[in-house]
Amino acid sequence: MFVVSLSCDPGIGRAVAAEAGWRYCEAVRKVFPDGERYVRIPEDCSLKGERAVVVQSMYPNQDSMMVEALLAADALKGVTGLEPIAVVPYLAYARQDRVFLSGEAVSVRAVLRALHSAGYGGLVVLDVHKEDSLKHFRGTSVNVLPVNTLAKALKGVVERPLVISPDKGAARRAEALSRALGTEYRIVEKFRDRFTGEIRHRFAPMPEIRGRDVIVVDDIVSTGGTMASVVSFLREQGARKVFVAVSHGPLTKKALARLMDAGVTKIFSMATTCYRLEHPLITYLKPVGEVLQAIKEVLGTG
Ligand code: R5P
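Residues numbered from 1 in each chain as written. Predicted model: local features only at pLDDT ≥ 70, side-chain atom pairs only at ≥ 80, totals over all residues. Heavy atoms only, no water.

**A short note on the state of the cysteines**
Thought 1: Inspection of the entire model under this criterion finds two disulfides.
Thought 2: The disulfide bridge from cysteine 8 ends at cysteine 274, spanning 2.2 Å between sulfur atoms. For the disulfide bridge between cysteine 8 and cysteine 274, the dihedral angle about the S-S bond is near 115 degrees, and by the sign convention the bridge is right-handed. Pair noted here: cysteine 8 is in the loop between strand 1 (2–5) and helix 1 (12–20) and cysteine 274 is in the loop between strand 15 (266–270) and strand 16 (282–285), with a separation of 266 residues, a long-range link.
Thought 3: On the basis of relative accessibility, which here comes to 2%, the residue cysteine 8 falls in the buried class.
Thought 4: Note on cysteine 274: relative accessible area 37%, which makes it partly exposed.
Thought 5: By sequence order of its bonded cysteines, the chain has the disulfide arrangement 1-4, 2-3. (Disulfide = S-S within 2.5 Å. Helix = DSSP H or I, 4+ residues; strand = E, 2+ residues; numbered from the N terminus. Buried < 20%, exposed > 50% of the residue type's maximum accessible area, 1.4 Å probe, protein only.)

**A word on the sheet that holds strand 14 (residues 241–248)**
Thought 1: Spatially, six strands are ordered 10-9-13-14-15-16 in an open sheet, and the strand pairing comes out parallel. Every other strand in the sheet has two partners, leaving strand 10 (185–187) and strand 16 as the edge strands with one partner each. Mean inter-strand twist for the sheet, computed between neighbouring axes without regard to direction, equals 25 degrees.
Thought 2: Here strand 13 (residues 213–220) pairs with strand 14 via seven bridges, running parallel. Bridge pairing in strand 14 links aspartate 218 to valine 246.
Thought 3: Taken strand by strand, helix 6 (residues 225–236) contacts strand 9 (161–165), strand 13 and strand 14, and its axis lies near 160 degrees from that of strand 14. (Pairing = 2+ DSSP bridges. Axes fitted to C-alpha atoms, helices over the stretch in contact; angles between N-to-C directions. Contact = heavy atoms within 4.5 Å.)

**Details of the nonpolar core**
Thought 1: Of all hydrophobic cores here, the largest spans 39 residues; its most connected members are Val4, Met58, Leu91, Leu112, Leu115, Tyr120 and Leu123.
Thought 2: Elements represented by at least two residues in this core include exactly strand 1, strand 5 (52–55), helix 2 (62–80), strand 6 (85–88), helix 3 (107–118) and strand 7 (122–126).
Thought 3: Look past the residues within four positions of methionine 58 in its chain and what remains in contact with it is Met65, Met66, Val88, Tyr90, Leu91, Ala92 and Leu115. (Core = buried A, V, L, I, M, F, W, Y, C linked by side-chain atoms within 4.5 Å.)

**Details of the packing of helix 4 (residues 147–154) against helix 5 (residues 171–181)**
Thought 1: Packing of helix 4 against helix 5 leaves a shortest axis separation of 9 Å and a crossing angle of 45 degrees. Here helix 4 lies oblique to helix 5, going by the angle between them. Between helix 4 and helix 5 lies a crossing of right-handed hand. Along its contact with helix 4, which presents Val147, Leu150, Ala151 and Leu154, the element helix 5 presents Ala176, Leu177, Ala180 and Leu181.
Thought 2: For the contact of helix 4 with helix 5, a count of residues per class yields eight nonpolar, no polar and no charged. (Parallel < 35°, antiparallel > 145°, perpendicular 65-115°, else oblique. Left-handed = near helix turned anticlockwise from the far one by under 90°. Nonpolar A, V, L, I, M, F, W, Y, C, P; charged D, E, K, R; others polar.)

**Details of the environment of glycine 169**
Thought 1: Its place among the elements puts glycine 169 in the loop between strand 9 and helix 5.
Thought 2: Here glycine 169 falls in the partly exposed class, since its relative accessible area comes to 49%.

**A short note on unusual backbone geometry**
Thought 1: Cis geometry is found at the peptide bond from tyrosine 59 to proline 60, where omega equals -5 degrees.
Thought 2: As for its placement among the helices and strands, proline 60 is situated in the loop between strand 5 and helix 2.
Thought 3: Each neighbour pair has its own omega, and for glycine 249 with proline 250 the value is 0 degrees, a cis peptide bond.
Thought 4: Looking at the element boundaries, proline 250 is found in the loop between strand 14 and helix 7 (253–262).
Thought 5: Phi at tyrosine 93 is positive, roughly 70 degrees, even though this residue is not glycine.
Thought 6: Tracing the backbone through its elements, the reader meets tyrosine 93 in the loop between strand 6 and helix 3.
Thought 7: In this structure, arginine 160 is a non-glycine residue whose phi angle is positive, near 45 degrees.
Thought 8: You can see arginine 160 is positioned in the loop between helix 4 and strand 9.
Thought 9: Under the relative-accessibility criterion, arginine 160 is labelled exposed at 55%.

This is the structure:
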């Protein structure tokens, strides 16, 4: 086995290779003057008959990072004769997972089909927006919910914790995290206007959170609108501290400012993207053990 990093590996490839005792190398990448991408696997990196794990996240420069991943699959299949496994810490286009307005693409389906057609036989994704989307990848796939890494970081920091899911879709994460922390979880109801993208929450009073530490868990903080709305509500309800626990983000400075205005205490995020805001309120974590376990599951050895 060997691990190959492309242009957007947020430090996961080298760490996984070290943990597993696999070889590690970086692919040669360049951009032609017209903007097209080029990928080459160095001779001393790959061996015929040896399986490759390619690590490539897809934020920022989603489209270019996707194309690099496709080129790498083609190159690796050529030199090793085997289908590589893709580890994608942040899968772009995952939130358009169905047709909301007629005439739209199911973007996640198009992306997953392309990865498989390019040559990837296996796929590990970190907290894909909807796990069900992975059915569009025709090889073996595993979605990593980095619950153990989050729970480890939160234990000892939170007192009398209660986990909150900002919508029904995130309930599985909230349930898993609350179990790992030995506590309960609640769901708040969210609506999104499909034309304006505006988020509205419907909050019922939650007297049980007064004086407690709450953890809002979601897959992503993008613009921060969803999370800021929930954090403000929890503060109004008398939460002692409000922690945000996400797999991806916050992706913009504006998102961080919104969360700070809303009264967030601390943000824990996985290091899944190549652009990361550095701020004392944010701690980035690498779920190396969970990713390695998922690769083994794809290989059928986990
Ligand atoms: C939506 O269903 C997702 O789980 C996130 O809650 C949402 O995408 C976050 O986006 P934003 O930060 O822009 O509100």
